[in-house]
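Chain by chain, the residues run as shown.
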Amino acid sequence: MSSSTSNTPTTDMDTTTSAQPSKSRINLLGMSQDKLGEFFKELGEKPFRVQQVMKWIHHEGVQNFDEMTNLSKVLRAKLNECAEVREPEVTLEKISKDGTRKWLVKVENGSCVETVFIPQGKRGTLCISSQVGCALDCSFCSTGKQGFSANLSTAEIVGQVRMAIRSLKETEPERQRAVSNVVFMGMGEPLLNFDNVVDAVSLIMDDLGYGISKRRVTVSTAGVVPALYKLAEVSDVSLAVSLHAPTDELRNELVPINRKYPIEQLMEACQHYLAGLGEHRAITIEYTLMDGINDKPEHACQLAELLKDLECKINLIPFNPFPGSGYKTVTDENLETFQRILYKKGCRIMVRTTRGEDIDAACGQLVGKFNDRTGRSARHQRRLEANKINVLPLKHEAPNSPVHSSERPS
Ligand code: SF4
């Protein structure tokens, strides 16, 4: 059954949590220490203002400059005139019976993206979006079927983290450090929004930002090889690669960017990236299992052979169906066989448990609503109708809403 038709109990809350955008003011939320330093220099202020203001914004979650009590009145007045701290607006929140939360977040161009929080014991992983839609069109991904609309700004990416931390503090104050891990596995291909994602990663890891360690922040890519080399030059954030197939022939079908950057090139780029990470680090390989497509014993053998020289852990993800995908999830029996083969060949594996399925927050189910610049969304809907496939509404017909595969690795 498609998760969209599930009738398991969930909680929906219409909510609005941000100020209206102001075109004339500069949003300080997405500014790194360096950029904020330049900003204060232009205002004729001393460098220590950077620390003060960043702590207010990211540690204390303060939005109003008048509440930043260690700033002079003159500076507060200046900031009120020319600057603001603005998160993207939350238009809908859903809470799954398993505690997973999903927020529908409205961004600058009026579209919406999705942000998902998955509690796991003391740990909590936040899955954030980097683009409105995605241009890469992986065949098993509902986001890919929606087309592409826009890149998110650094403030819109970081704003998802700030919003989630604040929201969890308000509703679950007993949770200590609710967001322990952040993964860029929501909607979009992060490396195609390179500069904004890199700036957001630095802010999330910065002690004056959210102070989350590089081992707990993961950027996921479908394999944009040149950007992977570029990332290695500027960051040592953890990396996940959405592989999903062990051969070019199959991967060309499932992950079309493979036609441009085939597996051999991708593996070389992974080794290069890994070399810059230092000891005891590994890459996460994501592998979504679909019945009869990529779940056969020979695929497991090919996968083990392909990855034998790469320091990695393999994340096996049973496919989460969506309307018109044309795929079925792996059977329990095939999953077990696949796992056993990898295990015997010495691979490190994890199987991702589906979370938040009842609120369409599971891996590959995130969908937004936006003006698709590629026209793919309309073609997908026409195909569903032509094939008389039950056309379900886009997940959020009410306000606005977007999509990418997601985990939340350790
Ligand atoms: S799996 Fe990720 S890269 Fe592929 S279409 Fe979905 S969002 Fe884009």
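The notes below deal with the structure included here.

What counts and what doesn't
Residues numbered from 1 in each chain as written. Predicted model: local features only at pLDDT ≥ 70, side-chain atom pairs only at ≥ 80, totals over all residues. Helix = DSSP H or I, 4+ residues; strand = E, 2+ residues; numbered from the N terminus. Buried ≥ 20, exposed ≤ 12 C-beta atoms within 10 Å, placed from the backbone. Axes fitted to C-alpha atoms, helices over the stretch in contact; angles between N-to-C directions. Left-handed = near helix turned anticlockwise from the far one by under 90°. Contact = placed C-beta atoms within 7 Å. Nonpolar A, V, L, I, M, F, W, Y, C, P; charged D, E, K, R; others polar. Pairing = 2+ DSSP bridges. Core = buried A, V, L, I, M, F, W, Y, C linked by C-beta atoms within 7 Å. Domains from an automatic or database assignment. Parallel < 35°, antiparallel > 145°, perpendicular 65-115°, else oblique.

### Side note on the overall build of the chain
For step 1, the next point in the chain: The helix and strand tally for the chain stands at 12 helices and 15 strands.
For step 2, the next point in the chain: Evaluated residue by residue, the chain yields a buried proportion of 49% over its 410 residues.

### Here we look at unusual backbone geometry
For step 1, the next point in the chain: Even without glycine at this site, D137 takes up a positive phi of about 55°.
For step 2, the next point in the chain: D137 gets classed as partly exposed once you count the C-beta atoms within 10 Å, which come to 19.
For step 3, the next point in the chain: Despite not being glycine, H280 has its phi angle at roughly 60°, a positive value.
For step 4, the next point in the chain: By the secondary structure assignment, H280 is in the loop between helix 9 (263-275) and strand 13 (283-289).
For step 5, the next point in the chain: The exposed category is assigned to H280, around which 7 C-beta atoms lie within 10 Å.

### Comments concerning the packing of helix 5 (residues 154-171) against helix 6 (residues 194-205)
For step 1, the next point in the chain: Two elements in contact, helix 5 and helix 6, have axes whose closest approach is 8 Å; the angle formed by their N-to-C orientations is 35°. In terms of crossing hand, the pair formed by helix 5 and helix 6 is right-handed. Note on element contacts: helix 6 touches helix 5 through N196, V197, D199, A200, L203 and I204, opposite T154, I157, V158 and V161.
For step 2, the next point in the chain: Residue composition of the contact of helix 5 with helix 6, by class: seven nonpolar, two polar and one charged.

### Comments concerning the pairing of strand 5 (residues 101-106)
For step 1, the next point in the chain: The element strand 5 is extensively covered by neighbouring structure, given that six of its six residues are classed as buried.
For step 2, the next point in the chain: Every second residue of strand 5 is oriented toward a common face, with R101, W103 and V105 on one face and K102, L104 and K106 on the other, all of them buried.
For step 3, the next point in the chain: Between strand 4 (residues 89-95) and strand 5, which pair antiparallel one after the other, the connecting turn spans five residues, and G99 there sits at a positive phi close to 95°.
For step 4, the next point in the chain: Where strand 5 meets strand 6 (residues 112-120), six bridges bridge the pair, whose relative direction is antiparallel. Each bridged residue has a counterpart across the sheet, and for L104 the counterpart in strand 6 is E114.
For step 5, the next point in the chain: The hairpin formed by strand 5 and strand 6 contains five residues between the paired strands, and G110 there has a positive phi angle of roughly 90°.

### Some words on the environment of L203
For step 1, the next point in the chain: Secondary-structure assignment places L203 in helix 6.
For step 2, the next point in the chain: Put simply, L203 and M54 are 149 residues apart on the chain and 10.0 Å apart in space, counted from C-alpha to C-alpha.

### Looking at the nonpolar core
For step 1, the next point in the chain: Counting 97 residues, the largest nonpolar core has V161, V182, V201 and I204 as the members making the most contacts within it.
For step 2, the next point in the chain: Each of domain 1 (3-15 + 87-386) and domain 2 (26-84) accounts for three or more of the residues forming this core.
For step 3, the next point in the chain: Contacts of V161, omitting those with residues within four sequence positions, involve L126, I128, V179, V182, I204 and Y210.

### Observations concerning the packing of helix 1 (residues 33-42) against helix 2 (residues 48-59)
Two quantities define a packed helix pair, namely the angle between the axes and the distance from one axis to the other.
For step 1, the next point in the chain: In contact at an axis separation of 9 Å, helix 1 and helix 2 are set at 120° when each is read in the N-to-C sense. Judged by the angle between their axes, helix 1 and helix 2 are oblique. Remark: the crossing between helix 1 and helix 2 carries right-handed chirality. Only R49, V50, V53 and M54 of helix 2 make contact with helix 1, whose side of the interface consists of Q33, L36, G37 and F40.
For step 2, the next point in the chain: Classifying every residue of the contact of helix 1 with helix 2 by side-chain character gives five nonpolar, two polar and one charged.

### Regarding the environment of S96
For step 1, the next point in the chain: With respect to the helices and strands, S96 occurs in the loop between strand 4 and strand 5.
For step 2, the next point in the chain: S96 sits in the buried class, given 23 other C-beta atoms within 10 Å.

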